[in-house]
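Remarks on the overall topology
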Amino acid sequence: MTSKRAPRRIFPKVSTMPRPQTAAAQYLDMYKLTVEKTRLQQELEYIDERRQQLCDRLTEINQAIDELDAKSTVLRQPAQPAARPQGMNFAPTANVYLPERTTQAAPDTYNTLMLDY
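What comes next is a walk through the structure. (Residues numbered from 1 in each chain as written. Predicted model: local features only at pLDDT ≥ 70, side-chain atom pairs only at ≥ 80, totals over all residues. Heavy atoms only, no water.)

**Things to note about the overall build of the protein**
Helix and strand content of the protein: one helix and zero strands. Within the protein, buried positions represent 1% of all 117 residues. With the model as given, the accessible surface of the protein reaches about 12,900 Å², and the carbon-plus-sulfur share is 58%. (Helix = DSSP H or I, 4+ residues; strand = E, 2+ residues; numbered from the N terminus. Buried < 20%, exposed > 50% of the residue type's maximum accessible area, 1.4 Å probe, protein only. Areas by Shrake-Rupley, 256 points an atom, 1.4 Å probe, with all protein chains shown as cover.)

**Here we look at a nonpolar patch on the surface**
Taken together, Leu-28, Tyr-31 and Val-35 make up a surface patch of nonpolar side chains, about 280 Å² in accessible area. Locating Tyr-31 in the fold gives a position in helix H1 (residues 23-76). Tyr-31 sits in the exposed class, given a relative accessible area of 55%. (Patch = residues over 30% accessible without salt bridge, like charges linked within 9 Å, V, L, I, M, F, W, Y side chains within 5 Å. Salt bridge = Lys/Arg side-chain N within 4 Å of Asp/Glu carboxyl O.)

**Digging into the pattern of salt bridges**
Going through the model one piece at a time under the given rule, you end up with three salt bridges. For the salt bridge of Arg-57 with Glu-60, the shortest nitrogen-to-oxygen distance reads 3.2 Å. Residue Arg-57 and its partner Glu-60 are both found in helix H1; the two are separated by three residues, about one turn of the helix. Measuring nitrogen to oxygen at the nearest pair gives 3.9 Å for the salt bridge that ties Asp-69 to Arg-76. Since its relative accessible area comes to 44%, Asp-69 is described here as partly exposed.

Structure below.
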């Protein structure tokens, strides 16, 4: 995206030397005004396009916010437990099944190795 300068007041072009009052001078002034008018019209078209882009983006953002709000409302609602078929009980029980272990005696001697740094 290109950056534009901050808007400021547009002053008319001023010539340092006054021109003689001739038809050519009048045509030159008309040409200057026509060029400025064209430039201002192009700037207004750019501003209108940019405004439309911003409005479209705001519309997209508002739609996304509405969708996310609807999703968050659904997620905030408590989950409904699913109906369980009769005879199937998945509730935890108090039965604990320990793994089988063979009883092996611990070795009588341990080998210890010390490392000094």
